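# Structure assessment
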Amino acid sequence: MATNITAIYVDATATITDYPTRIRGVSWFNVSGDEAEIVIRDSSAGGTIIFKAGLPDNGNSDVYLTDIGIAARTKVHVSVPASVFGTVFIG
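## Description of the overall build of the protein chain
When its secondary structure is counted, the protein chain shows 0 helices and 9 strands. Its C-alpha radius of gyration of 12 Å places the protein chain within 12% of the 12 Å reference for a compact globule of 91 residues. C-alpha atoms of the protein chain, sized along the principal axes, occupy 40 × 25 × 15 Å. A total of 91 residues make up the protein chain; the buried ones form 41% of that total. Long-range contacts, defined here as pairs at least 24 residues apart, represent 79% of the contacts in the protein chain between residues at least 6 apart.

## A word on the environment of P20
Inspection of the secondary structure puts P20 in the loop between β2 (14–17) and β3 (21–30). The spacing of P20 and G47 is 27 residues in sequence and 13 Å in space, taken between C-alpha atoms. Look past the residues within four positions of P20 in its chain and what remains in contact with it is A72, R73 and T74.

## A short note on unusual backbone geometry
The backbone of S43 sits at a positive phi, close to 105°, despite the residue not being glycine. A positive phi is found at N58, a non-glycine position, where the angle reads about 50°. Counting through the fold element by element, N58 comes out in the loop between β5 (48–55) and β6 (60–64).

## Comments concerning a nonpolar patch on the surface
A surface patch of nonpolar side chains, about 370 Å² in accessible area, is lined by Y9, F29, V31 and F85. Tracing the backbone through its elements, the reader meets V31 in the loop between β3 and β4 (36–42). The class of V31 is partly exposed, set by a relative accessible area of 46%.

## As for the side chain of D42
Inspection of the secondary structure puts D42 in strand β4. The side chain of D42 is buried and forms no salt bridge, while R73, the nearest opposite charge, is found at 5.7 Å. Among the polar contacts made by the side chain of D42, one reaches the side chain of T74 at a distance of 2.8 Å.

## Some points on the packing of aromatic side chains
Within this structure, the stated rule accounts for 2 aromatic pairs. Ring geometry for F29 and F85: centres 5.9 Å apart, planes at 50°, overall tilted. Taken together, the residues F29 in strand β3 and F85 in strand β9 (residues 84–90) connect sequence positions 56 residues apart. Here the aromatic rings of Y64 and F89 are separated by 5.9 Å at their centres, their planes lie at 50°, and the arrangement is tilted.

Conventions we followed
Residues numbered from 1 in each chain as written. Predicted model: local features only at pLDDT ≥ 70, side-chain atom pairs only at ≥ 80, totals over all residues. Heavy atoms only, no water. Helix = DSSP H or I, 4+ residues; strand = E, 2+ residues; numbered from the N terminus. Rg over C-alpha atoms; globule rule 2.2 N^0.38 Å. Buried < 20%, exposed > 50% of the residue type's maximum accessible area, 1.4 Å probe, protein only. Contact = heavy atoms within 4.5 Å. Patch = residues over 30% accessible without salt bridge, like charges linked within 9 Å, V, L, I, M, F, W, Y side chains within 5 Å. Areas by Shrake-Rupley, 256 points an atom, 1.4 Å probe, with all protein chains shown as cover. Salt bridge = Lys/Arg side-chain N within 4 Å of Asp/Glu carboxyl O. Lys, Arg positive; Asp, Glu negative; His and termini not counted. Polar contact = N/O pair within 3.5 Å; in protein donor to acceptor, adjacent residues only side chain to side chain. Phe/Tyr/Trp six-rings, centres within 6.5 Å; stacked < 30°, edge-to-face > 60°.

In short, geometric facts, not functional conclusions.
Written out as structure tokens, the structure reads:
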């Protein structure tokens, strides 16, 4: 099923949508010499974790999902350390 995809750039911990959507993919880069962790939650900073990944020092990760994606039933909140930036694809 085709759907419109929106790309949202993330370089700080924030709520990136205030509406239900689906995560279709993520692309991250860690510029630190230390390992880092990305956490995406359904709802606010204390919400249910729907995606979590670790990044090696100076590493990157690209994850693209099938049409179904990962449902965020209320909104999408992303937690990243200062050394991580990337794009979340929703739709």
